[in-house]
Amino acid sequence: MPASVTSAQIEAAIRNVPDFPKSGIQFKDITPLLADAKLFAGAIELLTKNFKPGSVDAIVGIDARGFIFAAAAATKLNAGFIPVRKKGKLPFTTIEQDYALEYGHATVAMHTDALKPGARVLLIDDLLATGGTSAAAIELVQKLGGKILEAGFLIELKFLNGREKLGNIPVRSLVSY
Ligand code: AMP
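Residues numbered from 1 in each chain as written. Predicted model: local features only at pLDDT ≥ 70, side-chain atom pairs only at ≥ 80, totals over all residues. Heavy atoms only, no water.

Draft legend 1. Summary view of the nonpolar core. Val60, Met110, Leu115, Val121, Leu123 and Leu166 are the most contacted members of the largest nonpolar core, which has 29 residues in total. Apart from the residues within four sequence positions on either side, Val121 is in contact with Val56, Ala58, Val60, Leu115, Val141, Gly146, Lys147, Ile148, Leu149 and Glu150. Counting 28 residues, the second largest nonpolar core, distinct from the first, contains Ile14, Leu47, Phe51 and Phe69. (Core = buried A, V, L, I, M, F, W, Y, C linked by side-chain atoms within 4.5 Å. Buried < 20%, exposed > 50% of the residue type's maximum accessible area, 1.4 Å probe, protein only. Contact = heavy atoms within 4.5 Å.)

Draft legend 2. Quick look at the site of the ligand. Around the ligand sit Gln26, Phe27, Lys28, Arg65, Asp125, Asp126, Leu127, Ala129, Thr130, Gly131, Gly132 and Thr133, and that is every residue in its neighbourhood. With respect to the ligand, the side chain of Thr133 contributes an N or O atom lying 2.5 Å from an oxygen atom. Burial of the ligand by the protein chains amounts to 82% of its free accessible area of 490 Å². When contributions to the shell around the ligand are tallied by element, the ones reaching two or more residues are β2 (26-29), β7 (120-128) and α5 (132-143). The residue inventory of the shell around the ligand, partitioned by class, reads three nonpolar, five polar and four charged. (Near = heavy atom within 4 Å. Polar contact = N/O pair within 3.5 Å; in protein donor to acceptor, adjacent residues only side chain to side chain. Areas by Shrake-Rupley, 256 points an atom, 1.4 Å probe, with all protein chains shown as cover. Helix = DSSP H or I, 4+ residues; strand = E, 2+ residues; numbered from the N terminus. Nonpolar A, V, L, I, M, F, W, Y, C, P; charged D, E, K, R; others polar.)

Draft legend 3. Molecular detail of the pattern of salt bridges. Taken as a whole and judged by the stated rule, the model has seven salt bridges. Between Lys87 and Glu96 there is a salt bridge; the shortest N-O distance is 3.2 Å. Judged by its relative accessible area of 48%, Lys87 is partly exposed. We note a salt bridge from Glu156 to Arg163, for which the minimum N-O separation is 2.8 Å. (Salt bridge = Lys/Arg side-chain N within 4 Å of Asp/Glu carboxyl O.)

Draft legend 4. Representation of helix α4 (residues 65-77) within the structure. In a regular helix each residue adds 1.5 Å, so 13 residues correspond to 18 Å; α4 covers 19 Å between its end C-alpha atoms and thus fits that length. Turning to α4, its buried residues are Gly66, Phe67, Phe69, Ala70, Ala73, Ala74 and Leu77. Taken together, the buried residues of α4 touch α2 (31-34), α3 (37-47), β3 (58-62), β4 (80-86), β7 and β8 (147-156). One or two residues past the end of α4 sits Asn78, with phi positive at roughly 55°. (Expected span 1.5 Å × (residues − 1).)

Shown next as structure tokens:
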């Protein structure tokens, strides 16, 4: 069992990079946190806190940084790992979901056989901003008959009200701004 860490320690390991990838965006860089074994393990502990091994069938992770946390959480909870990817990356048959961006739109995809109907799912991404990406991933999970128990994020940008897009799914975030 890794030593527990606090939200303040996690926040201190997140690097703010102004104007990346474009002017006006403050990018939350999680690579310093990932490079610290204790903080990475502690973040996984906190993200999976509400669940015991065996109580979740699948952890759905969102492309790309969400994969890192979702995969680690999956091994800890003895659950499968399912990727939600940007359109065009998955090799087998997929279901897709469009969502709006500030300018234009994007599409995420999941393999059609990724989840069994009734699967108990934990959704994980690194960051909740407007909620568009996660809402699209939730649509995909629900189309395949999965039941989302919780959506977990390392970081939540509260001022963007992303939670409102996730309906009545419980949301857990470790650090918020
Ligand atoms: P959204 O769909 O607006 O909730 O955006 C969430 C997705 O975009 C996540 O997969 C994040 O990795 C990424 N993202 C959005 N804003 C930021 C940010 N300020 N820093 C790092 N990643 C971000």
